[in-house]
Amino acid sequence: MTVDSPPARGTPGATAAAGGTPRRRGSRPLAAVLGLVLLAVLAAVPLFVDPFGTNTLSRILVFALFAMSLDLLVGITGLPSLGHAAWFGIGAYTAGLVAEHWTAEGVVTVLLAAVAGAVGAAATGWLAVRSSGVFFLMLTLAIGELVHQLAQSADTVTGGSNGLFGIPSIRVAGTPLTLAGYVYWFVLAVVLLGALGLWLVSASPFGAALRGIRDNEARMRSLGYTPFRYKYAAFVLAGGFAGLAGGLFAGLVRIVNPSDAGFSTSALLLLAVILGGAGTLWGPALGAAVVVLVRDTYGPTLEGHGPLLLGVVFVLAVYLLPQGVAGLAGVRAGIGRRRPAREGSS
Amino acid sequence: MTAPLLSLSGVTRSFGALRAVDDVTLDVPAGARHALIGPNGAGKSTLFKLVTGEMPVTAGRIRLAGQDVTRLSEPQRARRGISQTLQHSSLFLSQTVEQNVLLAAQRRHGSRHSPVPRRQAAARERTRALLADVGLADRATVPVAALSHGERRQVEVALALACEPTLLLLDEPAAGMSPAESARLVDLLRALPESVTVVVVEHDLDVVFALARSVTVLHLGRVLLTGTPDEVRGDTAVQEAYLGTGREALFLDGAGPARREVG
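Residue indices begin from 1 for each chain and proceed along its sequence in written order. Labels follow written order: the first chain is A, the first ligand is 1, and so on. This being a predicted model, a pLDDT of at least 70 is required before a residue's local features are given, and a value of 80 or more before pairs of side-chain atoms are given or counted; all residues contribute to the totals for chains, interfaces and linings.

Enquirer: Can you help me understand the overall build of chain B in this one?
Expert: Under the DSSP-based scheme used, a helix requires at least four consecutive residues in state H or I and a strand at least two consecutive residues in state E, with every element numbered from the N terminus. The number of helices and strands found in chain B is 10 helices and 10 strands. Here the globule rule reads 2.2 Å times residues to the power 0.38, and the radius of gyration is calculated from C-alpha atoms. In terms of overall size, chain B behaves like a compact globule, its C-alpha atoms giving a radius of gyration of 18 Å where 263 residues would be expected to give roughly 18 Å. A principal-axis box enclosing the C-alpha atoms of chain B has dimensions of 55 × 40 × 40 Å. Buried means a residue has 20 or more other C-beta atoms within 10 Å of its own C-beta, exposed means 12 or fewer, and partly exposed covers the counts in between; C-beta atoms are placed from the backbone. The 263 residues of chain B split such that 53% are buried. Residue pairs qualify as contacts under a 7 Å threshold applied to their C-beta atoms, which are placed from the backbone. When contacts within chain B are restricted to residue pairs at least 6 apart in sequence, long-range pairs at least 24 apart make up 68% of them.

Following this line, the structure appears as structure tokens:
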């Protein structure tokens, strides 16, 4: 934030300085330490956790990236989408088909999945982002259902309602990753890169413009911005990152079902974003962890009452944490912020 | 003679049977300090919306620096140098004062399309200078939602100036400001370079006469008179239509007694 340094305009290296807001300056070292510790713990997981647990964590990571990509739309641009699983599904099917018919090289499959997600979003986004609010919700819902139906009916390609199964395991440099730990590390690396990409976008001038559109689209127009272009770009980017997550999912679970592209996945994901705190990126990642844990791990042990538990968690969260889990971190910052404000006005 | 910076010819806007702006023809030369006055409902704010492009005209032509901008969208016109403050503050409430102004400043001084973080030193420097000018230097990190009404008006002005406009439209910039704040605003606007043309709508006649070198009086959507402030003050038609019958309404609306001290 200090401008007394020489005007090194547009150096991408100075990310941290440009990205945050001044009020977060005090907590930045703490956040950095916490981040590093979390990173170390995440990297060490396969050494201590059994394969089943490692696999669950891999799935949490994939859904965390997926939720963060939706947060780019919902929290940062202010476009609540109910069809975001479409891009996830397109990415998953793309990665699965590429692995079956061409190459299971992990980097290739996930990158093609990301491209497929972005292309799908680009093909429909120009229509969707012309609307807003409930209409955007309905349009994205329709697009999502369209992709879901397509996956179900094109059974010669996608396997129909049986899903696309028997996807070969991910290869890195020609070697198949058979151990859960190696797959986990691959997933972790890609998710971290994806999260870094999303964070860069969010902290960039482009991201600032997206937040401006979220807060006051009319004013952005009068400042000379064309909101449509920004919303469209955000939609395509979000689709690309969702596709990336989908590609990881296909390599990890090795079966893709039409429901992975359908409404229930989209709705769960929106739940994760709201649960975690829209607009913060890391909040929705946490929300995704909660959703996956409740649905996949504790759900089956409750005699099929997993969705009920999820519902209870959601109702409680909406009442107790109106700004999501991320809102908890904001409480401290909020107190620190209000104090100087009062001094200034007196 | 060069073309006037802003030229309206026959500009009309109808809402059903009501002609809010009725055949307005008006030339504002470059570097002007021009005021639009008139009783409530005279069509001042509507005229501004037609100029910025927020609202399409029903008929007529709008030219900016000789170029026809009638068919251009609002962002396109903004990029050609039209900037405005709105009658009711319209800001980015979840963000800090600095972030608000930076959004406007990064369009001219920064790299607004960049998908990766930038220092934007030039845009930040400009933001800092503008916040100092409007008197909010120590409020930069406060969320706009926590500001008082008068302070939000100041952010509006900083935001409009951060666009580096050639034509600055101010819609009641002093409304809701304290006498000290509006005196500061008048000083700030007076100090603007000649390259910025200012058109101001203001109910506070002290602000108008302190700032404007030419005045247009609108009444029921039509131009009643354009002239120097002295001509306007001396004109009987204006006094009848506006200062005479409308005087009480004028000061009861929006302007508190304290605000007459300005100027």
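Following the structure, the description resumes.
Enquirer: Even after reading the chapter, I still don't get the domain arrangement of chain B, so can you show me in this structure?
Expert: Interfaces are often sized by the accessible area lost when the parts come together. All names here are of chain B. Start and end positions for the domains come from either an automated domain assignment or a database one. In terms of domains, chain B is made up of domain 1 (1–81 + 167–176 + 197–263) and domain 2 (84–164). Contact with domain 1, which involves 11 residues of that partner, is made by 10 residues of domain 2. The element contributing the most residues to the side of domain 1 that touches domain 2 is strand β7 (residues 167–171), with four residues. Amino acids are sorted into nonpolar (Ala, Val, Leu, Ile, Met, Phe, Trp, Tyr, Cys and Pro), charged (Asp, Glu, Lys and Arg) and polar (every other residue, Gly among them). Grouping the amino acids of the side of domain 1 that touches domain 2 by side-chain chemistry returns six nonpolar, three polar and two charged.

Enquirer: Can you walk me through the pairing of strand β3 (residues 33–37) of chain B in this structure?
Expert: Two faces belong to every sheet, and in a regular strand the side chains alternate between them. All names here are of chain B. Counted residue by residue, β3 has five buried out of five residues, so it is predominantly covered. Where β3 meets strand β8 (residues 197–201), four bridges bridge the pair, whose relative direction is parallel. What sits directly across from Ala-35, in β8, is Val-200. Sheet topology places β3 next to strand β9 (residues 214–219); four bridges connect them, and they run parallel. Along β9, the bridge assignment pairs Ile-37 with Val-217. A pair of strands counts as paired when DSSP detects no fewer than two bridges linking them.

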